Structure formats: C-alpha cells, structure tokens
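Here are the chains, one letter per residue:
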Amino acid sequence: MSAMNAEFFDAIEQIEKEKGIPRGYMQEKIQQALLTAFKRDNPDCEDNVEVNMDEGKKSIAMFVLKTIVEEGEYVNDATQILPDEAQRYDKKAHIGDIVRIPVETKKFGRIAAQAAKQVIIQGIREAERGIIYDEFTSKEHEILTGVVTRIEPRTGAVSIKISSNSEFTEAMLSATERIKGEELAEGDRIKVYVVEVRKSTRGPQVLISRTHPGLVKRLFELEVPEIFDGTVEIRSIAREAGSRTKMAVYSADPEIDPIGACVGPRGGRVASIVNELGGEKIDIIKYSEDPEQYIASALSPAEVVSVEVLEEGRSCRVIVPDSQLSLAIGKEGQNARLAARLTGYKIDIKPESAANE
C-alpha cells in the first residue's frame, strides 16, 4: 500500500496543479469515500472508524476504534476488545480505554479501492464544474472569444468552445441567438456575449448570444476608450441583429462629442465593430433629457419638422417632410420601430402635407 499511497498523494498534487482543485478538498472527499466503503463492508463498526492521511509521510492509514472490556461483559466484536488482545496494539492499555487497530489494506477489498476511485473522479468533476461555474459566472454580461467546433445542420445551432483565463467549456449558440444571414464555419473565431450561466446536472451551462444588444454595448466599450473610462455613456440600445442597431450616447462633459468618440478617427472605431458584426448598420445618436429632441434624433437619418409628446401614455406625434416619410419609417418600418424601442415612446409619424390639412 505504501507505494500506492505515495502515488496517491502525487496524483492529488498533480490534480491541484493542473485543475486548480485544492488538495484539501480532494483529501476530504477521499477520506469520506474510504469510510463509506469500509462501513458498507463492515456495518457493525458504525462510526468507530477513522482515516488518517499524512501528507508529509505520504501515507494513508485506517483504524477501527475498539473499547477494552473485561472478559465477562464482552459483547460486540466490531467495537469492543479484550485486554489480552488490546495489549498487542498498546502495551499501556487498560480496561475502558480505546485502542486504535489498524485495518489491513487487503481487508479494504477491491470494492473500497473502486469506491475511492469513483469518488476521486466524481470529486474532480464536481470541483472542475465548480471552478468553471465560478469562472464563467464572473464573465456574465461580458464578451468572450470562442472557436466554432461544430454546426448542427438540422437546427443551425453552433457548438462553441469558449475560454476564460485558463478555463474552457463548450457553449451552445442556438439558432435564435445567431445573427441572421451570418455564415459560420468550423474553426471560425467569433466574439460572443455571455447572457447567463446556469447550473445543470451536466455541469455549468453558459448561455451565449450574438444577437443580444449587450454585445454591441461591450464591443463599443472595448473599442472606445471614452466609453470604457465613463466620459461617454451608452444610455440606450435597440437592435435588430444582422440588420441595424441604434445607440444613444451621452457625455456630461460639454467639451466631448460623444458621437465623434464612438465613430472614431475617419470612422475607424465604428467600422471595426460593423466588421465584427458582419456589416450590421449602426446609427449613433445623441441622447437628450428633452424627449422631443431625443425622439427627433432617434429617427435619424430622417429629418424631422416637429415632435409633439402626447398626454396619454408614452407616445408622441412626429411630423416629417413628405420627402422624408419613407426614410423616417424605414424599410419594413424598421427605423421607426428601433427609434420607438430606443426612446421608449410610441411614435406616430405623419407627413407634413397631411398635418397641414
């Protein structure tokens, strides 16, 4: 057993190095496993069993604790011992004392070894899951880069291997979270947004998305130092992934042009994000506390004659020049729809000619 013991401790040390699973955690699991296995084979011992692990000596020993009793009251072989026999283990032992009797490893039987092995494997798995869960939970609402490992031809779902620090896990980008029309191939590196991390019986489940507005927000934070340091704020985002995003930005510093910061020199910053999103159009507009001004900006690129906020609910009537009507509404109503989602107002758009009548 001694050689096996040394290997045993080396293995635990190795696991700690490679997987970051604390040695103490593993040792505790192994102790529990050995006790469980022994008690299963020797149910009469009850709780009178202990396991000693000595990391310094790299040894594991197991003892059954028995109380020394006089000849006449001797009842239970599993928990009690007579003085003569007790002397073999402890010369100074007296009646009423407890002696620790080492269990021979052979007695452990193969079952115990098997059980311990199972628990070690289980323990590694649980601890790994715990570490992965903690690592990826800390990345909720962040962007991670992943590699496409498999594309399910039937559903269009994509398996993506994502990593955070040194931890890896497979995550599923479902068809609904994929950007419409985006072609992906195995081996592609793509950025994904971590929506949520859930615990499941098969380990942590990382829910990822390419369509979430948070992806655009985080991409701008990575690309625009002024957003990263807080001088420019993203106040609202409305997105139809793969087609168009509207984003309202604001700066409390009058010296700073929030739109200019996001667009970047010669449009470089916004261009690299558009590129990452496969050509999705991005309208950056200036946020305003004044709802009328804000709604007018949100409808850009269309020009607006006037905005009237109505009493009932959060709704408004917008007048646009006749020539701008189709631009304001947008293809299939998209411009008006995104502006409404961005501002939180219902928007009723009327051409100038109809308003004058």
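Residues numbered from 1 in each chain as written. Predicted model: local features only at pLDDT ≥ 70, side-chain atom pairs only at ≥ 80, totals over all residues. Heavy atoms only, no water.

## Digging into the overall build of the protein
Working step 1: Helices and strands together make up the secondary structure of the protein, namely 12 helices and 15 strands.
Working step 2: The C-alpha atoms of the protein give a radius of gyration of 34 Å, which is well past the 21 Å a tight globule of 357 residues would have.
Working step 3: The C-alpha extent of the protein, read off along each of the three principal axes, is 115 × 45 × 45 Å.
Working step 4: Of all 357 residues assigned to the protein, the portion counted as buried reaches 40%.
Working step 5: A fraction of 57% describes how many contacts in the protein between residues 6 or more apart in sequence connect residues 24 or more apart.
Working step 6: Of the accessible surface of the protein, which amounts to about 20,100 Å², a share of 49% is contributed by carbon and sulfur atoms.
Working step 7: Distance from the positive charge centre (48 side chains) to the negative charge centre (61 side chains) of the protein: 5 Å. (Helix = DSSP H or I, 4+ residues; strand = E, 2+ residues; numbered from the N terminus. Rg over C-alpha atoms; globule rule 2.2 N^0.38 Å. Buried < 20%, exposed > 50% of the residue type's maximum accessible area, 1.4 Å probe, protein only. Contact = heavy atoms within 4.5 Å. Areas by Shrake-Rupley, 256 points an atom, 1.4 Å probe, with all protein chains shown as cover. Lys, Arg positive; Asp, Glu negative; His and termini not counted. Charge placed at Lys NZ, Arg CZ, Asp CG, Glu CD.)

## Here's the deal with the environment of I208
Working step 1: On the secondary structure map, I208 appears in strand β9 (residues 203-209).
Working step 2: The spatial distance from the C-alpha of I208 to the C-alpha of E280 is 19 Å, given a sequence separation of 72 residues.
Working step 3: Look past the residues within four positions of I208 in its chain and what remains in contact with it is I160, I162, A171, M172, L173, E177, V192, Y193, V194 and V195.

## Here's the deal with a negative patch on the surface
Working step 1: The grouping of D44, E46, E70, E71, E73, D77, D84 and E85 at the surface amounts to a negative patch.
Working step 2: On the secondary structure map, D77 appears in the loop between β2 (59-68) and β3 (80-81). (Patch = residues over 30% accessible without salt bridge, like charges linked within 9 Å, V, L, I, M, F, W, Y side chains within 5 Å. Salt bridge = Lys/Arg side-chain N within 4 Å of Asp/Glu carboxyl O.)

## Remarks on the sheet that holds strand β11 (residues 244-250)
In a beta sheet, neighbouring strands are held together by backbone hydrogen bonds and run either parallel or antiparallel to one another.
Working step 1: Pairing is mixed in the open sheet, where 3 strands are placed in the order β10-β11-β12. Pairing within the sheet leaves two strands with one partner each, and these edge strands are β10 (233-240) and β12 (281-286). Direction aside, the axes of adjacent strands within the sheet are offset by 20° on average.
Working step 2: In this structure, β11 lies alongside β12, joined through 6 bridges in parallel fashion. Within the sheet, the bridge partner assigned to M247 lies in β12 and is I284.
Working step 3: Across the sheet, helix α9 (residues 291-298) touches β10, β11 and β12, and the angle it forms with β12 is around 160°.
Working step 4: The strands touched by helix α11 (residues 334-343) are β10, β11 and β12; relative to β10, the strand with the most contacts, the crossing angle is about 140°. (Pairing = 2+ DSSP bridges. Axes fitted to C-alpha atoms, helices over the stretch in contact; angles between N-to-C directions.)

## Considerations on the pattern of salt bridges
Working step 1: Tallied over the full model, the rule gives 22 salt bridges.
Working step 2: Among the salt bridges present, the one from R23 reaches E55, with a minimum N-O distance of 2.6 Å. Separated by 32 residues along the polypeptide, R23 in helix α2 (residues 23-41) and E55 in the loop between β1 (49-54) and β2 bring together distant segments of the chain.
Working step 3: For E55, a relative accessible area of 36% translates into the label partly exposed.
Working step 4: Across the pair R198 and E196 runs a salt bridge, and its minimum N-O distance is 3.4 Å.
Working step 5: One continuous salt-bridge network, built from bridges that share partners, spans E182, K191, R210 and E276.

## Description of the sheet that holds strand β13 (residues 306-309)
Working step 1: A sheet is described by the order of its strands in space; here 3 strands give the open sequence β13-β14-β15, paired in mixed fashion. Bordering the open sheet on either side are β13 and β15 (346-351), each of which pairs with just one other strand. Within the sheet, the average angular offset between the axes of one strand and its neighbour, ignoring direction, is 20°.
Working step 2: Sheet analysis places strand β14 (residues 315-320) next to β15, joined by 6 bridges and oriented parallel. Paired with C316 across the strands is I347, a residue of β15.
Working step 3: Strands in contact with α9 are β13, β14 and β15; relative to β13, the strand with the most contacts, it is inclined by about 130°.

## Things to note about the packing of α9 against α11
When two helices pack together, you describe them by how their axes are tilted relative to each other and by the distance separating the axes.
Working step 1: At a minimum axis distance of 9 Å, the contact between α9 and α11 shows a crossing angle of 145°. Classified by chirality, the crossing of α11 by α9 is right-handed. For the pair α9 and α11, the contacting residues are Y294, I295 and A298 in the first and A339, L342 and T343 in the second.
Working step 2: In terms of residue class, the contact of α9 with α11 is built from 5 nonpolar, 1 polar and no charged. (Left-handed = near helix turned anticlockwise from the far one by under 90°. Nonpolar A, V, L, I, M, F, W, Y, C, P; charged D, E, K, R; others polar.)

## Things to note about the packing of aromatic side chains
Any pair of aromatic rings gets described here by the distance separating the centres and the angle formed by the planes.
Working step 1: The final tally for this structure, using the stated rule, is 2 aromatic pairs.
Working step 2: The interplanar angle of 90° and the centroid separation of 6.1 Å between the aromatic rings of Y250 and Y287 together place this pair among those described as edge-to-face. With Y250 in strand β11 and Y287 in the loop between β12 and α9, this pair connects stretches of sequence that are 37 residues apart.
Working step 3: What makes Y250 partly exposed here is its relative accessible area of 24%.
Working step 4: One aromatic cluster is present, built from ring pairs that chain together Y250, Y287 and Y294. (Phe/Tyr/Trp six-rings, centres within 6.5 Å; stacked < 30°, edge-to-face > 60°.)

## Describing the side chain of E240
Working step 1: Tracing the backbone through its elements, the reader meets E240 in strand β10.
Working step 2: Take E240: its relative accessible area is 18%, and that puts it in the buried class.
Working step 3: The contact partners of E240, leaving out residues within four places of it in the chain, are E280, Q334, R337, L338 and R341.

## Quick look at the pairing of β10
Working step 1: Most of β10 sits out of view: 6 of its 8 residues are buried.
Working step 2: Examined bridge by bridge, β10 and β11 share 7 bridges and lie antiparallel to one another. Looking across to β11, one finds that I234 is bridged to V249.
Working step 3: Hairpin connection between β10 and β11: a loop of 3 residues separates the two successive antiparallel strands, and G242 in this loop has a positive phi of roughly 90°.

Note that all results are geometric; they support no functional claim without further evidence.
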